[in-house]
Amino acid sequence: MPPEREAPGRLARWWRTGPPGPFRPGFWRSPLRGPWLTAVFGMVLLVGLAVVVVTGLLSYAAYEPRLPGNDTTPGRGLLGFYLFEWPTDPAWLYRVTQGAHVILGLTLVPVLLAKLWSVIPKLFDWPPARSVSQAVERISLVLLVGGAVFQFVTGILNIQLFYVFPFSFYPAHFYGAWIFLAALVVHVAVKLPTAARALRSRGFRRELRTGLADTRPEPPDPDGLVAASPAEPTMSRRGMLGFVGGGSLLIFGLSVGQTLDGPLRRTALLAPHGRVYGPGPNDFQINKTAAGLGVTAADTGDAWRLTLAGSRPVALTRAELLAMPLHTYALPIACVEGWSTEQEWTGVRLADLARLAGFAPGTVGVTATSVQRVGYFGSASFSPRQVADPRSLLALRVNGADLSLDHGFPARIMVPNAPGVHTTKWVHRLDFHQELS
Ligand SMILES: Nc1nc2c(c(=O)[nH]1)N[C@H]1C(S)=C(S)[C@@H](COP(=O)(O)O)O[C@H]1N2
Ligand SMILES: [Mo]
């Protein structure tokens, strides 16, 4: 036979059998893979990720992105449909929602990896598409898996303060969330019946009582998760669930301390924020030091004034501020990175400063600006409701001592339930204004 007639035949055969290795059905041999195991991991992820998604969307609302200068994702468009005025009560709410977002996200990493492991043969399905609907499903899985991996990787890099990605975290994590969420909704709608059937196919308790000797593969399934030629088990399903659950528990235990005050904070070995940061009352965590942001003694020394810009501009020295009525409240700093700490802040009410600038509290928002000249987060805007809350302070002291330079001396914003990023340090200017959106 002439070679030019033989070539298409070989190609056709190659196409039928697929490339060698992971594309061949016999390649994946774990006897534990199967729809039941995948469904168990899937259900844990579904519940956990629902909380991570909701707390993530709440975090965006907490940033009050409709106020001037606050939006880190200016092109949000319709994606801001759910925004609402972020409350000042309870003061600890963002501490809890953002702590849950980050710690639960970390805790789910082993489950996510196990879920991906359990379906990995599907990644090598051959031929690439048997029908149009199957092609669409596979493309949606690229968005689902890609979206999940992207969200976890950017989130974890951000909380580790590794800003190695060539884009800004906030818009990337925000848009990534919506792509992932859309793919997740489609995936759940398509797979829920299969997952429910799979979960009913074996008893969970019974599985927990089954040791290695009695571990058998699940019956062959139409999706081809179950190995065509399974190897001998080296681990029971119980062992697999214990391994993954134990990994999650370990990560939880090594990160939950970042939201606790007191000695247990040191158990947060996975968070780079549990260390000791300065003398006595000012000994609590600092991400950004004054030196790191180029804030000098000249910026914050005797020449420093607080300017109240408004209908009646006023400039105040720190001594004049200290002579005003001072109030003390225990308020948390709750960073988007998940760590938080409650301290006792003393300062002048933002409402009193609004009055001094000629405004009735409740009628004006405020933009606070730092002396800082480089880096992000040098200013933040607050709603009229936030300004009017009696616990909203321009803090001058913490835990009975003057603020240290690294904690924002001479003056720092503290607003109940505001995200940490808005507790602006080294404030030298407050612009009161009526704008709200
Ligand atoms: N001027 C200024 N204030 C700032 C920041 C900043 O970078 N510059 N960081 C904010 C962030 S992100 C948090 S979580 C809190 C606490 O950060 P710290 O640990 O650096 O004090 O301060 C906020 N205040
Ligand atoms: Mo932060």
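Calculation criteria
Residues numbered from 1 in each chain as written. Chains lettered and ligands numbered in written order. Predicted model: local features only at pLDDT ≥ 70, side-chain atom pairs only at ≥ 80, totals over all residues. Heavy atoms only, no water. Helix = DSSP H or I, 4+ residues; strand = E, 2+ residues; numbered from the N terminus. Buried < 20%, exposed > 50% of the residue type's maximum accessible area, 1.4 Å probe, protein only. Contact = heavy atoms within 4.5 Å. Areas by Shrake-Rupley, 256 points an atom, 1.4 Å probe, with all protein chains shown as cover. Lys, Arg positive; Asp, Glu negative; His and termini not counted. Charge placed at Lys NZ, Arg CZ, Asp CG, Glu CD. Near = heavy atom within 4 Å. Polar contact = N/O pair within 3.5 Å; in protein donor to acceptor, adjacent residues only side chain to side chain. Domains from an automatic or database assignment. Buried area = accessible area lost by both parts, 1.4 Å probe. Salt bridge = Lys/Arg side-chain N within 4 Å of Asp/Glu carboxyl O. Pairing = 2+ DSSP bridges. Axes fitted to C-alpha atoms, helices over the stretch in contact; angles between N-to-C directions. Patch = residues over 30% accessible without salt bridge, like charges linked within 9 Å, V, L, I, M, F, W, Y side chains within 5 Å. Core = buried A, V, L, I, M, F, W, Y, C linked by side-chain atoms within 4.5 Å. UniProt positions renumbered as here; feature names shortened; annotations may be inferred. Parallel < 35°, antiparallel > 145°, perpendicular 65-115°, else oblique. Left-handed = near helix turned anticlockwise from the far one by under 90°. Nonpolar A, V, L, I, M, F, W, Y, C, P; charged D, E, K, R; others polar.

Student: What exactly am I supposed to notice about the overall build of the chain here?
Tutor: A count of helical and extended segments in the chain gives 12 helices and 10 strands. On the principal axes, the C-alpha backbone points of the chain span a range of 95 × 50 × 35 Å. When the 437 residues of the chain are sorted by exposure, 48% land in the buried category. Within the chain, contacts between residues at least 6 apart in sequence are counted, and of these 71% link residues at least 24 apart. For the chain, the exposed surface amounts to about 21,000 Å²; the carbon and sulfur share of it is 66%. Of the charged side chains in the chain, 40 are positive and 28 negative; the average position of the first set lies 9 Å away from that of the second.

Student: Is there a simple way to think about the site of ligand 1 in this case?
Tutor: The environment of ligand 1 is formed by 19 residues, the closest being Asn287, Lys288, Gln372, Thr423 and Lys425. Gln372 is positioned such that a nitrogen or oxygen atom in its side chain is 2.7 Å from a nitrogen atom of ligand 1. In this structure, Arg412 approaches ligand 1 through a side-chain N or O atom, which is 3.2 Å from an oxygen atom. Relative to its free-state accessible area of 510 Å², ligand 1 is covered by the protein chains to the extent of 99%.

Student: Looking at this structure, I do not really get the domain arrangement of the chain. What am I missing?
Tutor: In many analyses, interface size is given as the accessible surface area lost on bringing the parts together. By the assigned domains, the chain splits into domain 1 (15-259) and domain 2 (287-436). Using C-alpha coordinates to define each centre, domain 1 is positioned 40 Å away from domain 2. The interface of domain 1 with domain 2 comprises 29 residues on the first partner and 30 residues on the second. Between domain 1 and domain 2, a total of about 2,600 Å² is buried, with carbon and sulfur atoms accounting for 52% of that surface. In this assembly, domain 1 and domain 2 are joined by two salt bridges. Note that Arg391 is salt-bridged to Asp89, the shortest N-O span being 3.5 Å. Counting across the domain 1 and domain 2 interface gives 16 residue pairs in polar contact (both at pLDDT 80 or more).

Student: I tried to follow the sheet that holds strand β6 (residues 379-382) on my own but got confused; where do I start?
Tutor: Within a sheet, adjacent strands bond to each other through the backbone by hydrogen bonds, running parallel or antiparallel. Across the sheet, which stays open at both edges, the five strands sit in the order β2-β1-β10-β5-β6 with mixed pairing between neighbours. Looking at the sheet topology across the chains shown, the edges are occupied by β2 (314-316) and β6. Neighbour-to-neighbour, the strand axes of this sheet turn through a mean angle of 15°, independent of strand direction. In terms of strand pairing, strand β1 (residues 306-309) meets strand β10 (residues 427-433) through three bridges, oriented parallel. Looking across to β10, one finds that Leu308 is bridged to Leu430.

Student: Even after reading the chapter, I still don't get a nonpolar patch on the surface, so can you show me in this structure?
Tutor: Judged by side-chain polarity, Leu11, Trp14 and Trp15 come together as a nonpolar surface patch covering roughly 360 Å² of accessible area. Mapped onto the elements, Trp15 comes out in helix α1 (residues 3-17). Trp15 gets classed as partly exposed once you look at its relative accessible area, which sits at 45%.

Student: What's the story with the nonpolar core in this structure? I'm lost.
Tutor: For soluble globular proteins, the rule of thumb is that nonpolar side chains tend to be buried together. Counting 33 residues, the largest nonpolar core has Leu306, Leu321, Leu353, Leu430 and Phe432 as the members making the most contacts within it. Apart from residues no more than four positions distant in its own chain, Leu321 is found in contact with Trp304, Leu306, Leu316, Leu326, Val348, Leu353, Leu394 and Leu396. Formed by 31 residues, the second largest nonpolar core is a distinct cluster that contains Trp178, Leu393, Val398 and Val421.

Student: What is the right way to look at the UniProt feature "transmembrane region" (unreviewed entry) in the chain in this model?
Tutor: In this structure's numbering, the residues bearing the UniProt feature "transmembrane region" (unreviewed entry) are residues 36-63, 100-120, 141-163, 175-199 and 240-260. For residues 36-63, the end-to-end C-alpha separation is 41 Å, with 96% helix and 0% strand making up the annotated structure. Annotation note: span residues 175-199, helix share 100%, strand share 0%, distance between end C-alpha atoms 33 Å.

Student: How should the packing of helix α5 (residues 132-159) against helix α6 (residues 169-200) be read in this particular structure?
Tutor: How two helices sit against one another is set out by the angle between their axes and by the gap between those axes. Their axes nearest at 8 Å, the elements α5 and α6 cross at an angle of 140°. What the angle tells us is that α5 and α6 run oblique. Viewed along their axes, α5 and α6 form a crossing whose handedness is left-handed. Of the residues in α6, those in contact with Glu137, Ser140, Leu141, Leu143, Leu144, Gly147, Ala148, Phe150, Gln151, Thr154, Gly155 and Asn158 of α5 are Phe169, Ala172, His173, Gly176, Ala177, Ile179, Phe180, Ala183, Leu184, His187 and Lys191. Its residues placed into classes, the contact of α5 with α6 shows 12 nonpolar, nine polar and two charged.

Student: Help me understand the environment of Leu58, please; the structure alone is not making it clear to me.
Tutor: Position of Leu58 among the secondary structure elements: in helix α2 (residues 35-62). Look at Leu58 and you get partly exposed, because its relative accessible area is 23%. Taking the C-alpha atoms as reference points, Leu58 and Tyr94, separated by 36 residues in sequence, lie 8.5 Å from one another. When residues no more than four places from it in sequence are discounted, the contact partners of Leu58 are Phe84, Trp86 and Thr97.

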